[in-house]
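Residue-level structural notes
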Amino acid sequence: MDTEAARVEVAPYRVDDGETFALERFPTAVTANYRDRGDYRKRMDAYRRAIRLWQRKLFAEGRHALLVVVQGMDAAGKNGLIRRVLGSVDPTGLHVWSFGPPNSKELRQDFMRRYHQYLPEYGSIAAFNRSYYEFALSARIHPEWLAARGIDAAQAKNGRFWEQTYGTIQAFEGYLQDNGIHVVKLMPHVSQQAQRQRLLDRLHKEDKRWKLTEADCEDAGRWDELAAAYDACIQGTATTKAPWFVLPGDDKRTARLLAAEAVLQKLEQLSPQWPDGLDGNNAAKRARIAAILNGGKT
């Protein structure tokens, strides 16, 4: 980045071991990690430039891919987070996918299948706005969604069933990493009060009303159930290789800067490099190519 002073500390929000995880222990609001709007823009611009450069190297090298999973409750700021953090990446190397409820065909398939076709190719970044985690979250409080898949709705209360589901997700993410696709899992964590206000804003603003559904409002009324589902899910899927970042989301700017830091750290860890090209350090060959391009002049 342009300066290390622009970076923020994301480690306190990282969950490597979910065994004792509890959502209530993670704040939804903290002291802002920027001084004012101008400082926020400078920091975010610095992150976006750094992420863009690393993505260009990722694309050129073509050995790894990055999957950014953004999972959170309704009105948690998922769309804006993806747009602000990854919006400057070259579009040839970025794909954003938003997943709604599965259609009738997808309900006749295993819950992971619909996501395989959207995994990033080597050299690219894919962002999932909601993801395969929906099955382990929404379906847990909507037994009818299980029944639609031909699964006994009683399984919604079966702890062993969900443990197997979490095991499937862990195995899937391990498979991805073994194949060079690295996962960054972000959860913008909002308070019940902030969610309610954002849903009301959608209701009263024409340019946001289209986002609001009755299902969103109904789920907002089941906050405790959904929070318990997140507890169990993160407990069962947070690992050292595929940690969660549970980000304070009441202030969207704070969450976005933290998300940018998590993404940047992963790219730095992968450390893709520019390929040498033209047989690497073959100076004589490069000189011949230069001569051709210069019309025979060296």
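Structural notes, computed from the coordinates. In this text, all values refer to a predicted model and were calculated from it rather than measured experimentally. (Residues numbered from 1 in each chain as written. Predicted model: local features only at pLDDT ≥ 70, side-chain atom pairs only at ≥ 80, totals over all residues. Heavy atoms only, no water.)

It is worth spelling out the overall build of the chain at this point. Helices and strands together make up the secondary structure of the chain, namely twelve helices and six strands. Its C-alpha atoms give the chain principal-axis dimensions of about 75 × 45 × 40 Å. Across the 298 residues that make up the chain, the buried fraction comes to 49%. Contacts in the chain between residues at least 24 apart in sequence constitute 80% of all its contacts with a sequence separation of at least 6. Accessible surface for the chain amounts to roughly 15400 Å². Of this, 48% is attributable to carbon and sulfur atoms. Here the chain contributes 44 positively and 38 negatively charged side chains, and the mean placements of these two sets differ by 6 Å. (Helix = DSSP H or I, 4+ residues; strand = E, 2+ residues; numbered from the N terminus. Buried < 20%, exposed > 50% of the residue type's maximum accessible area, 1.4 Å probe, protein only. Contact = heavy atoms within 4.5 Å. Areas by Shrake-Rupley, 256 points an atom, 1.4 Å probe, with all protein chains shown as cover. Lys, Arg positive; Asp, Glu negative; His and termini not counted. Charge placed at Lys NZ, Arg CZ, Asp CG, Glu CD.)

It is worth spelling out the pairing of strand β5 (residues 181–189) at this point. As a general feature of sheets, a regular strand has side chains that alternate between the two faces. Taking burial as the measure, the nine residues of β5 include nine buried ones, the bulk of the element. Of the two faces of β5, the one carrying Ile-181, Val-183, Lys-185, Met-187 and His-189 and the one carrying His-182, Val-184, Leu-186 and Pro-188 are both buried. Of the pairings in the sheet, the one linking strand β2 (residues 65–70) to β5 comprises six bridges and is parallel in character. Counted as the bridge partner of Val-68 is Val-184 from β5. Bridge count for β5 against strand β6 (residues 244–248) is five bridges, and the pairing is parallel. If you follow Met-187 over to β6, its bridge partner there is Val-246. (Pairing = 2+ DSSP bridges.)

With that out of the way, let us pick up helix α4 (residues 134–141). Counted residue by residue, α4 has seven buried out of eight residues, so it is predominantly covered. Turning to α4, its buried residues number three or more, namely Glu-134, Phe-135, Ala-136, Leu-137, Ser-138, Ala-139 and Ile-141.

Attention now moves to the pairing of β2. Extensive coverage of β2 is indicated by the burial of six of its six residues. Neither face of β2 is left uncovered, since the one carrying Ala-65, Leu-67 and Val-69 and the one carrying Leu-66, Val-68 and Val-70 both have all their residues buried. As judged from the five bridges shared by β2 and strand β4 (residues 125–129), these two strands associate in the parallel manner. Residue pairing for β4: Val-70 is matched across the bridge by Asn-129.

The subject of this paragraph is the nonpolar core. Among the nonpolar cores identified, the biggest contains 46 residues, and Leu-67, Tyr-132, Ile-234 and Val-246 are the most heavily contacted of them. Listing elements by their share of this core, those giving two or more residues are β2, β4, α4, α6 (159–178), β5, α10 (223–237) and β6. Among the elements that take part in this core, α10 stands out by supplying eight residues, more than any other. With residues up to four places along the chain from it excluded, the contact list for Ile-234 reads Val-15, Gly-18, Phe-21, Met-187, Trp-244 and Val-246. Leu-94, Val-184, Leu-257 and Ala-260 belong to the second-largest nonpolar core, a separate cluster that totals 36 residues. (Core = buried A, V, L, I, M, F, W, Y, C linked by side-chain atoms within 4.5 Å.)

Looking now at the pattern of salt bridges. Where charged atoms from two side chains of opposite charge come close, those side chains can pair. Throughout the structure, instances matching the rule amount to eleven salt bridges. For the salt bridge of Glu-268 with Arg-7, the shortest nitrogen-to-oxygen distance reads 2.9 Å. In this pair, Glu-268 sits in helix α11 (residues 252–270) while Arg-7 sits in the segment before β1 (14–15), placing the two residues 261 residues apart along the sequence. Under the relative-accessibility criterion, Glu-268 is labelled partly exposed at 30%. (Salt bridge = Lys/Arg side-chain N within 4 Å of Asp/Glu carboxyl O.)

With respect to the secondary-structure elements, Trp-244 resides in strand β6. When the C-alpha positions of Trp-244 and Ala-262 are compared, they lie 9.9 Å apart, and in sequence the two are 18 residues distant. If sequence neighbours within four positions are ignored, Trp-244 has contacts with Tyr-13, Arg-14, Val-15, Gln-71, Tyr-133, Lys-185, Leu-186, Met-187, Ile-234, Thr-237 and Ala-238. Of note is the side chain of Trp-244, whose polar atom sits 3.0 Å from the side chain of Thr-237. (Polar contact = N/O pair within 3.5 Å; in protein donor to acceptor, adjacent residues only side chain to side chain.)

The next subject is the packing of aromatic side chains. Scanning the entire structure with this criterion turns up 16 aromatic pairs. Judged by centre distance (4.5 Å) and plane angle (50°), the rings of Trp-97 and Tyr-118 are tilted. Of this pair, Trp-97 sits in strand β3 (residues 94–98) while Tyr-118 is found in the loop between α3 (113–116) and β4, placing the two residues 21 residues apart along the sequence. A relative accessible area of 31% places Trp-97 in the partly exposed class. Taking 5.0 Å as the distance between ring centres and 35° as the angle between the ring planes, the aromatic pair formed by Tyr-132 and Tyr-133 counts as tilted. (Phe/Tyr/Trp six-rings, centres within 6.5 Å; stacked < 30°, edge-to-face > 60°.)

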